[in-house]
Amino acid sequence: MKIFLWPTSLFLFVCTICTALATPCPGPENSNQPTQCKSLRQYFCSPEEKRNVPAMTDVEYQTSLRKLRTPEFTARLQGHIQGAIQEERALTPAQKQSLSQKAKDTHLVFENEDAMELGLSENALLYIKSIRILTCGLEGNVTNAMALYVENRRIISVCPGLVRKIVSAQQTSEEMADSLTFVLGHETGHFLFKEHEALYENFKDCLLDNPTHEGLAKQSTMNIFKIIFGELRVGPHLNEIVADYWGNRAMAQMMKSNTRAETFRSNYSFICGIGNDDDGEHPGLDYRFDFLTRNDPGIAEALQCPMRPGCRL
Amino acid sequence: MNLCARIVTFFLLISSNLATPKGSEDFHIQYQRRLSPALGVAVTELTCSTQLSCTLVEDQGGEKKQAHFSLTVEEKKEILKLLSELQRYEQGRDDTFRLSWKFGNKVVAHTVNMQNQKPVGTAAKLISMLEVHFRK
């Protein structure tokens, strides 16, 4: 009997050690901290947060669109994104300049007519129109945005559903730019990743080494396997993680001049989506909010929550 | 007709019935848009009876949007044509827009290649044909 017990005990012992080594220790959460520090996901994705697009007359929508097409909107939004790039300590001046130029050379398409002003071919315009039917729906009511390259142009297609969700006739161009900072920072981040993948090597290595990335691997039950298959997990998510990184950085810039809690929360409410599970490219919500967002020093400070240790560029 | 010819005709009939959807079958199409930067998808489903009485339901996670309508035989033919055209294109690698459809016993799933103008155009034609019923 003892002959059989020994290997079993040894196996259990090894498993326990491995699991203990791979499990992150709970952080020193202070009970005096504001409630949002316990779970940013719960703070942003409250049950009353519905994804319904509010009804809006055509006149109200057109009025809102006019505010989005102003130089004030562009300047405000670019200010947040450019500020985020310039503050990035790991980047050289040349790298900052390159990223900054790419962010500037990004075109926002709220309606098909915005694409017509870009000097694109008829085929390209038809392509954008078709893409918008697929991603926004024929009526345009889907709350969605998409970064795409068309004839070497960087284009962010913003669905009317998203515009309707954030605007009200009272808001100024600047307030509307603030409300779309996370979404547009995230979509711009896709370009800043795809065109500069080498810049994110250290960031990726850090994600692989950081045990808190366990949020990326719900399908794996044993931590030891999570470590072994780290590359398989982080790789497919990297594009979205980097996009969130830039979205969060832009948000931290925005919050230097706009401290309204409502603006802050509404920006992140778009990520809440329908579920919490990792979809293979977007990490789960707990990971995105309580690791990636809490890892941003500017956001952690604004929320009065301790910054989570994590990965920087 | 000799026995051999009859056997060949029988198999041809069977195989053509399996490959081509018959006009008198229920059919079902489901498609989903992945939402960015959100986690989650908006799902739309079309269900049509043999009499071509159809229901289209869109679910973005909030209130469901519904439309009831009847398709003409011509419209059904056009839908079939667009689906079989879509099926011939190489599939995309990301799941920005995915479709699956069931005609009789035939089940097909397809991920649209968003980088390629042709499948995007075909899928957009199909979606326009269906979602126009939300406007009515």
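All residue numbers refer to position in the chain's written sequence, counted from 1. Working convention: letters from A go to chains and numbers from 1 go to ligands, in the order in which they are written. Only residues with pLDDT of at least 70 are given local features in this predicted model, and only at 80 or more are side-chain atom pairs given and counted; all residues enter the totals for whole chains, interfaces and linings.

**Things to note about the sheet that holds strand 1 (residues 106–109) of chain A**
Residue and element names in this part refer to chain A. Operational definition: Strands are labelled as partners when DSSP assigns at least two bridges between them. In DSSP terms, a helix is any run of H or I states spanning at least four residues, a strand is any run of E spanning at least two, and both are numbered starting from the N terminus. Every axis in this analysis is a line fitted to C-alpha atoms, fitted for helices over the stretch in contact. Angles between the N-to-C directions lie between 0 and 180 degrees.
Across the sheet, three strands lie side by side as 1-3-2; this open sheet has mixed pairing. At either end of the open sheet lies a strand with only one pairing partner, and these are strand 1 and strand 2 (145–150). The average undirected angle you get between the axes of adjacent strands in this sheet is 25°. Relative to strand 3 (residues 153–158), strand 1 runs parallel, the two being bridged by four bridges. Along strand 3, the bridge assignment pairs Leu108 with Ile156.

**Some words on the environment of A:Met251**
All names here are of chain A. Stated precisely, the cut-off is as follows: Any residue pair is listed as a contact if its two C-beta atoms, each placed from the backbone, are within 7 Å.
Along the polypeptide, Met251 turns up in helix 13 (residues 230–257). For the pair Met251 and Gly298, spaced 47 residues apart in sequence, the C-alpha separation works out to 8.3 Å. Setting aside chain neighbours within four positions, we find Met251 in contact with Thr181, Phe182, Gly185, Asn267 and Ile299.

**Examining the environment of B:Phe27**
Residue and element names in this part refer to chain B. Just so we agree on the cut-off: Buried means a residue has 20 or more other C-beta atoms within 10 Å of its own C-beta, exposed means 12 or fewer, and partly exposed covers the counts in between; C-beta atoms are placed from the backbone.
Along the chain, the position of Phe27 falls in strand 1 (residues 27–34). According to the C-beta neighbour criterion, Phe27 is buried, with 22 such atoms within 10 Å. It is 7.8 Å that separates the C-alpha atoms of Phe27 and Thr50, two residues lying 23 residues apart in sequence. In contact with Phe27, not counting residues within four places along its chain, are Cys48, Lys102 and Phe103.

**Points about the confidence of the model for chain A**
Let me state the cut-off plainly: For every residue, the pLDDT score states the predictor's confidence, bounded by 0 at the bottom and 100 at the top.
Taken residue by residue, chain A gives an average pLDDT of 84. The fraction at 70 or more is 79%. Every residue in residues 15–29 of chain A scores below 50 in pLDDT, and together they form 12 contacts with partners more than four places removed in sequence or on other chains.

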